[in-house]
Amino acid sequence: MDRYPQTGVTLRTTSQSLIAGALLSAAAILLASSSSLQAEGLRCTLVPGKTLAVVRVEQDTTLPVAASGIAPMSSSGIRSGVGDSMLATPTTPMPAARVRLLRLDSASRAILAGWGITDSQPFAFIRAAPYRADCRTVRWTDSIPFVEPGEVGYIRGNIAPREQWIGGVPVLIIPEAWRYPYPRRRGLAFRAAPDAVLASADAMFELEAALNMDRPIDAETGSSTDSVKRTRALSWARANPAASELEPVRTLVRQAVLNPDWEVASRFPSRLRGSYRVSVDVNGERNTWFFRTHDRPGYSWRRPDVAHTTADLLTSPNVAGYSLVGYASASPDSIPTSPSKELLRSMVWLGTTDRPTMPGNDARRVLPGMLEFTLLAAPESLWDVLEAFVPRPSALDSAMMARLQRPIVRSQRQPRLPLTLRLDGRGGVRADTTLTIAGRSMRIVLERLDTLSVKRPF
């Protein structure tokens, strides 16, 4: 039996589990029809800027708003209201700066050369163009200045049309003004601690320039693009070991390396799929409930109590684990056989360090993991005890939920119970864990009943 004293005090929130409301909304979207999505209207997202540069700010200034010609990735049904004071007008002054382009991606350099600008470090103007959910440019309201004279930073944006240049000097439009110039603006490293040392502007430029590729037009092209990015990221990280351990470079490298591996790992049935019984014993009183998982992994999962370095990734460039989505029931006779909207309120996530693409993985029989579920999945008599294992949301997640304006009701809160799964040679899967918090002891026994599973709907 595994023992984890005082576990509830040290649990941390992670981006994968992004609070119940967000996960349930995502699952609901998967089950909704395309027509209903169109009727509601999609939020708009802009295509990432194509121009990458390291700049030195020579002088801050303001420039009026002008059409940027930046293409959105999705449409939106959002409409501005009468007298919408947040929208920028053609005469609205926006924060800007005169900068010297110390480094520039090759494609943008070729564009400027086509207009006769061949200086290795030419001057340019950069202009902030913050936008809201419908992709319309809004007025500048940030109390933090867009630039600081003399700073050197990395930016990503788009070259404005030639007629918007100022005295023949190019203008670069920066929609994601909360991220740039980096690293003074730390938006690119939003998961890093406020006092964490970040990778240099040059390191960010070099890595993103290596990974910057046109958006794929179909699945086949996308797979080929991901493969190229993976190779480039591995090569860059090996050549820059110190920088590759700093955020946000570490996250970019990890994503580029693991995305293609995840596509493979999530394609095949999980050896942990099936129907499970959960028995919870508190002060001698036992409660039992059940759940059945999808047939294939649903999300990547990393053990939260282990630091994963880029050096580890280079040694074994494989996903560190995955999470199986499941649906709960109160009895074995009512275990779900297919997904439905009703089941989205009583969901389960079984995360483990099973690594399907890693050589020798099938021989591993002991897998650290995490059982996560909405309170509604468990008997209500356990809710008071289980709530102690609901992690406090991070500042980032709290801000996200505030923007969504979707308060989480009690039944949708998600306890997280660390456990260790043990597999035997006959196909059995079992975990027996005791957790202690505030002087109360709780024993959880997880046991697989069969390998029947629900076809993953996404």
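All values reported here derive from a predicted model rather than from experimental measurement.

A. Representation of the overall build of the protein in the model. Of the regular secondary structure elements, the protein holds ten helices and 15 strands. Here the protein holds 458 residues, and 46% of them are scored as buried. Looking at the protein alone, contacts between residues at least 24 apart form 76% of all its contacts between residues at least 6 apart. Accessible surface computed for the protein: about 22500 Å², of which carbon and sulfur atoms make up 53%.

B. Focus on the pattern of salt bridges. Evaluation of the coordinates by the stated rule reveals 20 salt bridges. Where R179 meets E176, a salt bridge forms, and the shortest distance between an N and an O atom there is 3.6 Å. On the basis of relative accessibility, which here comes to 25%, the residue R179 falls in the partly exposed class. For E176, a relative accessible area of 18% puts it in the buried group. In this structure, the salt-bridge partner of E247 is R250, at a minimum N-O distance of 3.3 Å. Overall, the relative accessible area of 16% leaves E247 in the buried class. Residue R250 is classed as partly exposed on the basis of its relative accessible area, which comes to 25%. Taken together, the shared-partner salt bridges connect R277, R430, D432, R443 and E447 into one network.

C. Geometry of the confidence of the model for the protein. With 82% of its residues at a pLDDT of 70 or more, the protein has an overall mean of 85. Predicted confidence is poor over residues 4-42, with pLDDT under 50, and the contacts of this stretch with residues over four places away or in other chains come to 78 contacts.

D. Region of the structure containing helix α7 (residues 249-265). Over its 17 residues, α7 extends 24 Å from the first C-alpha to the last, a length consistent with the 24 Å expected when each residue adds 1.5 Å. Bending of α7 peaks at approximately 35° at the position of L258, with proline P260 no more than four residues after it. Considered for burial, the residues of α7 that qualify are V249, L252, V253, R254, A256, V257, L258, P260, D261, W262 and A265.

E. Expanded view of unusual backbone geometry. A cis amide bond links Y182 to the next residue, P183, at an omega of 15°. The topology assignment puts P183 in the loop between β6 (171-174) and α5 (201-211). In this model, N283 sits at a positive phi of 55°, which is unusual for a non-glycine residue. Inspection of the secondary structure assignment puts N283 in the loop between β7 (275-282) and β8 (285-293).

F. Structural context of the sheet that holds strand β4 (residues 123-128). Reading around the circumference, β2-β3-β4-β6-β5 is the order of the five strands in this closed barrel, with mixed pairing throughout. Averaged over neighbouring strand pairs, the angle between their axes works out to 55° when direction is ignored. Relative to β6, strand β5 (residues 152-159) is paired through two bridges, and the arrangement is antiparallel. For N158, the partnering residue across the bridge sits in β6 and is I173. Contacting β2 (51-64), β3 (93-104) and β5, helix α4 (residues 106-114) crosses the sheet at an angle of about 105° to β3. Against the sheet, α5 touches β2, β3 and β5, its axis set at about 115° to β2.

G. View of the nonpolar core. Formed by 46 residues in total, the largest nonpolar core has its most connected members in V99, L101, I126, Y154, I155, Y182 and V249. At the level of secondary structure, the elements contributing two or more residues to this core comprise β2, β3, β4, β5, β6, α5, α6 (219-239) and α7. With residues near it in sequence (within four places) discarded, Y154 still touches L52, A53, V54, Y180, P181, Y182, L188, A201, M204, F205 and E208. Core analysis: the next-biggest nonpolar cluster, separate from the first, contains 37 residues, W289, F291, L417 and I444 among them.

H. Representation of the side chain of R456 within the structure. Note that R456 resides in the segment after β15 (440-450). Only 3.2 Å separates the side chain of R456 from the backbone oxygen of S266, close enough to count as a polar contact. If we skip the residues at most four places from it in the chain, R456 touches S266, H294, D295, R296, P297 and G298.

I. Structural context of the pairing of β8. Here β7 runs beside β8; their pairing, made up of eight bridges, is antiparallel. By the bridge assignment for β8, V278 is matched with W289. If you look at the hairpin formed by β7 and β8, you'll find two residues sitting between the two strands, and N283 has a positive phi there, around 55°.

J. Representation of the packing of aromatic side chains. On inspection of all chains with the given rule, the structure shows eight aromatic pairs. Considering the side-chain rings of W289 and F291, the 6.2 Å spacing of their centres and the 40° angle between planes classify their relative orientation as tilted. The residues W289 and F291 share a single accessibility class, namely buried. Taken together, Y276, W289, F291 and F373 form an aromatic cluster joined through their ring pairs. R98 extends its terminal NZ or CZ atom over the ring of F123, reaching a point 3.9 Å from the ring centre.

K. Seen up close, the pairing of β6. Burial of the side chains of β6 extends over both faces: V171 and I173 are buried on one face and L172 and I174 on the other. The pairing of β4 with β6 spans four bridges and is parallel. Residue pairing across strands places A128 opposite I174, the latter belonging to β6.

L. Local environment of the side chain of S244. When you line up the elements, S244 lands in the loop between α6 and α7. Beyond its immediate sequence surroundings of up to four residues, S244 is in contact with W236, A237, V249, R250 and T310.

M. Broad picture of the packing of α5 against α7. One can describe the packing of α5 onto α7 by two numbers: an axis separation of 10 Å at closest approach and a directional angle of 15°. Viewed along their axes, α5 and α7 adopt a mutual orientation that is roughly parallel. Remark: the crossing between α5 and α7 carries left-handed chirality. In this structure, α5 uses A203, M204, L207, E208 and L211 to contact α7, whose residues at the interface are V249, L252, V253 and A256. Here the contact of α5 with α7 is built from residues that sort into eight nonpolar, no polar and one charged.

Conventions adopted
- Residues numbered from 1 in each chain as written.
- Predicted model: local features only at pLDDT ≥ 70, side-chain atom pairs only at ≥ 80, totals over all residues.
- Heavy atoms only, no water.
- Helix = DSSP H or I, 4+ residues; strand = E, 2+ residues; numbered from the N terminus.
- Buried < 20%, exposed > 50% of the residue type's maximum accessible area, 1.4 Å probe, protein only.
- Contact = heavy atoms within 4.5 Å.
- Areas by Shrake-Rupley, 256 points an atom, 1.4 Å probe, with all protein chains shown as cover.
- Salt bridge = Lys/Arg side-chain N within 4 Å of Asp/Glu carboxyl O.
- pLDDT = per-residue confidence, 0-100.
- Expected span 1.5 Å × (residues − 1).
- Bend = angle between axes of the 7 residues up to and from the residue.
- Pairing = 2+ DSSP bridges.
- Axes fitted to C-alpha atoms, helices over the stretch in contact; angles between N-to-C directions.
- Core = buried A, V, L, I, M, F, W, Y, C linked by side-chain atoms within 4.5 Å.
- Polar contact = N/O pair within 3.5 Å; in protein donor to acceptor, adjacent residues only side chain to side chain.
- Phe/Tyr/Trp six-rings, centres within 6.5 Å; stacked < 30°, edge-to-face > 60°.
- Lys NZ or Arg CZ within 6 Å of the ring centre and 35° of its normal.
- Parallel < 35°, antiparallel > 145°, perpendicular 65-115°, else oblique.
- Left-handed = near helix turned anticlockwise from the far one by under 90°.
- Nonpolar A, V, L, I, M, F, W, Y, C, P; charged D, E, K, R; others polar.

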